[in-house]
Amino acid sequence: MRFKLDENIPPDFKEYLCEFEHDVHSVFDERLNGALDIDIAQACRLEKRILITLDLDFTDTRIYPPSDFSGIIVLRPKRQSIKLFMPLLISAVNALINDSVEGKLWIVDHKEIRVR
């Protein structure tokens with residue numbers, strides 16, 4: 001799968017995803033760190049990449065309609081901690097085995113994955 005990691009995602013996530021042979025770019029790789037959300041969204045659309053982010057702005061389906069994307073995954077940890085991020089990422093990646101995020105918004109927290 002093809003992913004783009006937003007600037008608020010720890011660099012360890014890229015390494016983890018690459019271990020499973022996913023094609024992963026980060027906004028840092030493309031010098032998009034500090035870019036507007038709309039620019040990151042456009043890059044994801046053009047590159048056909050699934051965005052992984054902590055940014056709640058991407059949950060606004062009026063601005064970022066999921067059907068326009070290869071997928072948007074918003075991680076919602078209880079607190080900002082790498083210890084709490086990684087289980088959410090693992091949960092999302094495991095869910096991708098049986099379900100597609102194409103054209104969908106997934107909001108992943110410690111209890112569930114909500115799909116819009």
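Residues numbered from 1 in each chain as written. Predicted model: local features only at pLDDT ≥ 70, side-chain atom pairs only at ≥ 80, totals over all residues. Heavy atoms only, no water.

A. Quick look at the nonpolar core. Counting residues in hydrophobic clusters, the biggest one holds 22 residues, and the most contacted among them are Phe13, Leu17, Ile52, Ile73, Leu75 and Leu89. At the level of secondary structure, the elements contributing two or more residues to this core comprise β1 (2-5), α1 (12-19), β3 (50-53), β4 (72-75), α3 (82-98) and β5 (105-108). Broken down by element, the residue count for this core peaks at seven residues, all from α3. Residues contacting isoleucine 52, with those up to four places away along its chain left out, are Phe3, Lys4, Leu5, Asp6, Ile9, Leu17, Ile73, Leu75 and Leu89. Listed in part, the 14 residues of the second largest apolar core include Val27, Cys44, Phe69 and Ile107. (Core = buried A, V, L, I, M, F, W, Y, C linked by side-chain atoms within 4.5 Å. Buried < 20%, exposed > 50% of the residue type's maximum accessible area, 1.4 Å probe, protein only. Helix = DSSP H or I, 4+ residues; strand = E, 2+ residues; numbered from the N terminus. Contact = heavy atoms within 4.5 Å.)

B. Representation of unusual backbone geometry within the structure. Even without being glycine, glutamate 21 reaches a positive phi, approximately 65 degrees. Here the phi dihedral of lysine 48 falls at roughly 55 degrees; this positive angle occurs in a residue that is not glycine. On the secondary structure map, lysine 48 appears in the loop between α2 (37-47) and β3.

C. Seen up close, the sheet that holds β1. Read from one edge to the other, the open sheet built from six strands follows the order β2-β1-β3-β4-β5-β6, with strand pairing classed as mixed. Pairing within the sheet leaves two strands with one partner each, and these edge strands are β2 (23-26) and β6 (113-115). If you compare each strand with its neighbour and ignore which way they point, the axes differ by 20 degrees on average. As defined by bridge partners, β4 adjoins β5 across four bridges and the pair is classed as parallel. Following the sheet pairing, isoleucine 73 is matched in β5 by tryptophan 106. The sheet contacts of α1 involve β1, β2, β3 and β4, and relative to β1 the element is tilted by about 170 degrees. Those strands touched by α3 are β1, β3, β4, β5 and β6, and its axis lies near 140 degrees from that of β5. (Pairing = 2+ DSSP bridges. Axes fitted to C-alpha atoms, helices over the stretch in contact; angles between N-to-C directions.)

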